[in-house]
Amino acid sequence: MPQLGLLPRRAWAALLSQLLRPPCASCTRAVRCHSQVAEAVLTSQLKAHQEKPNFIIRTPKGTRDLSPQQMVVREKILDLVVSCFKRHGAKGMDTPAFELKEMLTEKYGEDSGLMYDLKDQGGELLSLRYDLTVPFARYLAMNKVKKMKRYHVGKVWRRESPTIVQGRYREFCQCDFDIAGQFDPMIPDAECLKIMCEILNGLQLGDFLIKMAWKDVRHEMVAKKGLAPEVADRIGDYVRCHGGESLVKQMFQDPRLSQNKQALEGLGDLKLLFEYLTLFGIAKKISFDLSLARGLDYYTGVIYEAVLLHTPTQAGEEPLSVGSVAAGGRYDGLVGMFDPKGHKVPCVGLSIGVERIFNIVEQRMKTFGEKVRTTETQVLVATPHKNFLHERLKLIAELWDAGIKAEMLYKNNPKLLTQLHYCESTGIPLVVIVGEQELKEGVVKIRSVASREEVAIKRENLVAEIQKRLSES
């Protein structure tokens, strides 16, 4: 018998109508059978009700709710990130939260096993998106777009073991910036690194370093530039000792490299990149790292990730290990995997680790007891008298129509002290007060919550006066 307690409401109705239908005269056992099934239905229902008190209300593993206080912090982080993307000329876009499974398979290598597959939906096998990069490549190929600079903020899902302390979740937000198209070497790559530095500096998380994987640089030099492996290994010796901008200078001073035509060609892009990074003023933030592992399988060139050298070390604050807070790289072959003719569109991009950054900022705020306002309300419309609801409604409508963020308490006759306490507890800076005397004189009072000073102004000047005060604060 199916699990009756899990049947939809319509199925329940249809089943019961059949079970309770009067039996035919020839069936002497039908009544007994029907009553037994009906009893089983009721028993199943009673059992479900009995088990309900033991039900634990929780979110799925690897997910979480965000409180209004947390959302304020999160939105500030996202606003800073997106404003940087827009400053560099990126266009916003979005893709579906789920894709055809065949669009995602063979794009992530071993990580493909971490995708969330959905049940068959009308003949389509679907999976939740694993990242924002593969859907972007699919979009480029499907729409035959050859050149685009875009940003995308959205949720992705990965079926891996979550470690909440380190900011790893099964559902999390990604903030991506990508440049697609055929351009002169290393200019887009340098801009991506510049964007990463701008965002991390703006977030004020502490000192950081952007590491670049030497293994990928070596592979590109040998496979694409034709550099002899032993010459590439000689360059690698320098990488072990020197990781920053001085690396390029020292390599070109080595006669075994400077006199080797292939070596010079192999080092050309590297030299060019560091020239641009120096012009951008961020070369000292970049270092090669032999231990940095290749990321997802679709990367074809240099990959990089930003790590905090330390979280802010102030008195009473415990260090928080969160791994990398941003990462990116070049993936020139991904779009071609979707194109029927294999036409490639070179791409390079980066992703900001919002969840990990949020964990750092949240921990800092808890440690130092920082509070945030959960609303942006600028004015509370209040009254000290009864039967003034209509006047408050007219006032607040006027403020809303003028674009002023305003609230009022949802009571016919609230006490003035209650209204003022509400302003203090929520951080509302101004109160507009209307009462019997104000109504007779054609004025309203504006009260500063911080100083408790009150000023009477003409009713028709209310909006202009509030706008003036808000602009000065």
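Along each chain, residues carry numbers from 1 onward, in the same order as the chain's sequence is written. Local features in this predicted model are restricted to residues whose pLDDT is 70 or higher, and side-chain atom pairs enter the listing and the counts only when it is 80 or higher, whereas totals over whole chains, interfaces and linings include all residues. No hydrogens and no water enter the side-chain calculation; it runs on all heavy atoms of the structure.

Chemist: Can you walk me through the overall build of the protein in this structure?
Modeler: Counting secondary structure elements, the protein contains 16 helices and 15 strands. When checking whether two residues touch, look at their non-hydrogen atoms; a contact exists if any pair is within 4.5 Å. Across the protein, the fraction of contacts at a sequence separation of at least 24, relative to all contacts at a separation of at least 6, is 68%. Surface accessibility in these figures is a Shrake-Rupley result with a 1.4 Å probe; residues are shielded only by whichever protein chains are displayed. Accessible area of the protein: about 26,600 Å², with a carbon and sulfur share of 53%. Strands here mean DSSP runs of E at least two residues long; helices mean DSSP runs of H or I at least four residues long; both are numbered from the N terminus.

Chemist: What exactly am I supposed to notice about the sheet that holds strand β12 (residues 406-407) here?
Modeler: Each strand in a sheet pairs with another by means of backbone hydrogen bonds, the pair being arranged parallel or else antiparallel. Only strands that DSSP links by at least two bridges are regarded as paired with each other. Taken together, 5 strands build an open sheet; the order of strands is β12-β11-β13-β14-β15 and the sheet is mixed. Sheet topology places β12 and β15 (454-458) at the edges, where each strand pairs with a single neighbour. Note that strand β13 (residues 430-433) and strand β14 (residues 443-448) share 4 bridges and pair antiparallel. What sits directly across from I433, in β14, is K445. Helix α14 (residues 416-426) contacts β11 (379-382), β12, β13 and β14 of the sheet and is inclined by roughly 175° relative to β11. Only the contacting stretch of a helix is used when fitting its axis, a line to C-alpha atoms as for every element, and angles between N-to-C directions run 0 to 180 degrees.

Chemist: Just to check I follow, could you spell out the packing of aromatic side chains for this structure?
Modeler: How two aromatic rings sit relative to each other is set out by the distance from centre to centre and by the angle between their planes. Between the rings of Phe, Tyr and Trp (Trp by its six-membered ring), a pair exists once the centres lie within 6.5 Å; its type follows the angle of the planes, with under 30 degrees stacked, over 60 edge-to-face, and the other angles tilted. For the coordinates displayed, the defined rule picks out 3 aromatic pairs. Here F85 and Y151 contribute two aromatic rings whose centre-to-centre distance is 6.1 Å and whose plane-to-plane angle is 35°, an arrangement assigned as tilted. With F85 in helix α3 (residues 68-87) and Y151 in strand β4 (residues 148-157), the pair connects residues that are 66 residues apart, well separated along the chain. In terms of burial, F85 and Y151 fall into one category: buried. Measuring from ring centre to ring centre gives 5.5 Å for F85 and F177, while their planes differ by 35°; the resulting arrangement is tilted. In this pair, F85 sits in helix α3 while F177 sits in strand β5 (residues 171-180), placing the two residues 92 residues apart along the sequence. Each residue gets one of three labels from its accessible area relative to the maximum for its type: buried under 20%, exposed over 50%, partly exposed in between, using a 1.4 Å probe on protein chains only.

Chemist: What exactly am I supposed to notice about the nonpolar core here?
Modeler: Generally speaking, a soluble globular protein has its nonpolar side chains buried in company with each other. Definition of nonpolar core: a set of buried residues of the types Ala, Val, Leu, Ile, Met, Phe, Trp, Tyr and Cys, connected through side-chain atoms within 4.5 Å. Core analysis: the largest hydrophobic core is formed by 65 residues, its most contacted members being F85, I210, L277, Y304 and I352. Looking at which element gives the most residues to this core, the answer is helix α6 (residues 187-203), with 9 residues. Excluding residues that lie within four positions of it along the chain, I352 makes contacts with V81, F85, C175, I199, V325, A326 and I357. With 23 residues, the next largest nonpolar core counts Y130, F136, A141 and Y298 among its residues.

Chemist: So what exactly am I meant to see when it comes to the packing of α3 against helix α12 (residues 354-368) here?
Modeler: Axis angle and axis distance: for two packed helices, these are the angle between their axes and the distance between the axes, and together they describe the pair. Relative orientation of the contacting elements α3 and α12 amounts to 125°, with a least axis distance of 10 Å. With respect to each other, α3 and α12 are oriented oblique. Seen along the crossing, α3 lies across α12 with a hand that is right-handed. Contact residues: α3 offers Q70, V73, R74, I77 and L78, while α12 offers V354, E355, I357, F358, V361, E362 and M365. By residue class, the composition of the contact of α3 with α12 is 8 nonpolar, 1 polar and 3 charged. Orientation labels follow simple angle bins: below 35 degrees gives roughly parallel, above 145 gives roughly antiparallel, 65 to 115 gives roughly perpendicular, and whatever is left gives oblique. The crossing is said to be left-handed when, going from far helix to near helix, the turn is anticlockwise and less than a right angle, and right-handed when the turn is clockwise. Gly is put with the polar residues, along with every residue not named as nonpolar or charged; the nonpolar set is Ala, Val, Leu, Ile, Met, Phe, Trp, Tyr, Cys and Pro, and the charged set is Asp, Glu, Lys and Arg.

Chemist: Just checking my understanding: could you explain the packing of α3 against α6 for this structure?
Modeler: Across the interface, α3 lies against α6 with an axial gap of 10 Å and an inter-helix angle of 150°. The handedness of the crossing between α3 and α6 is right-handed. Touching I77, L80, V81, C84, F85 and R87 of α3 are I195, E198, I199, G202 and L203, all from α6. Each residue belonging to the contact of α3 with α6 can be placed in one class, and the counts come to 8 nonpolar, 1 polar and 2 charged.

Chemist: For this particular structure, what's the right way to read α14?
Modeler: For the α-helix, the turn length of 3.6 residues means that residues three or four positions removed from each other point alike. Those residues of α14 not exposed but buried are Q419, L420 and C423. Buried residues in α14, looked at end-on, bunch into an arc of 95°, giving them a common side. Exposed residues on α14 whose side chains face more than 90 degrees from its buried face are L417 and S425. Buried positions along α14 lie against β11, β13 and β14. Within this analysis, the arc is defined by the directions that extend from the helix axis to the C-beta atoms.

Chemist: Please clarify how the side chain of Q174 should be interpreted in this entry.
Modeler: Along the chain, Q174 turns up in strand β5. Any N or O atom pair separated by 3.5 Å or less is treated as a polar contact, with the protein-specific requirement of one donor-capable and one acceptor-capable atom, and with residues adjacent in sequence counted only for side-chain atom pairs. Here L132 takes part through its backbone nitrogen, which lies 3.3 Å from a polar atom of the side chain of Q174. With sequence-adjacent residues up to four places away left out, Q174 is seen in contact with D131, L132, H152, V153, G154, V156, R158 and S351.

Chemist: Just checking my understanding: could you explain unusual backbone geometry for this structure?
Modeler: Excluding glycine, residues mostly carry a negative phi; peptide bonds, for their part, are mostly trans. For Q204, which is not a glycine, the phi torsion comes out positive at approximately 55°. With respect to the helices and strands, the residue Q204 is situated in the loop between α6 and β6 (208-213). Overall, Q204 belongs to the exposed group, its relative accessible area being 61%. Look at R452: it is not a glycine, yet its phi comes out positive at around 65°. By the secondary structure assignment, R452 is in the loop between β14 and β15.

Chemist: How should the pairing of β4 be read in this particular structure?
Modeler: Regular strands show a simple pattern: their side chains alternate between the two faces of the sheet. For β4, the buried fraction is high: 7 of the 10 residues fall into the buried class. Taken together, the 2 bridges between strand β1 (residues 91-92) and β4 define a ladder with parallel strand orientation. Bridge pairing in β4 places G92 opposite Y151.

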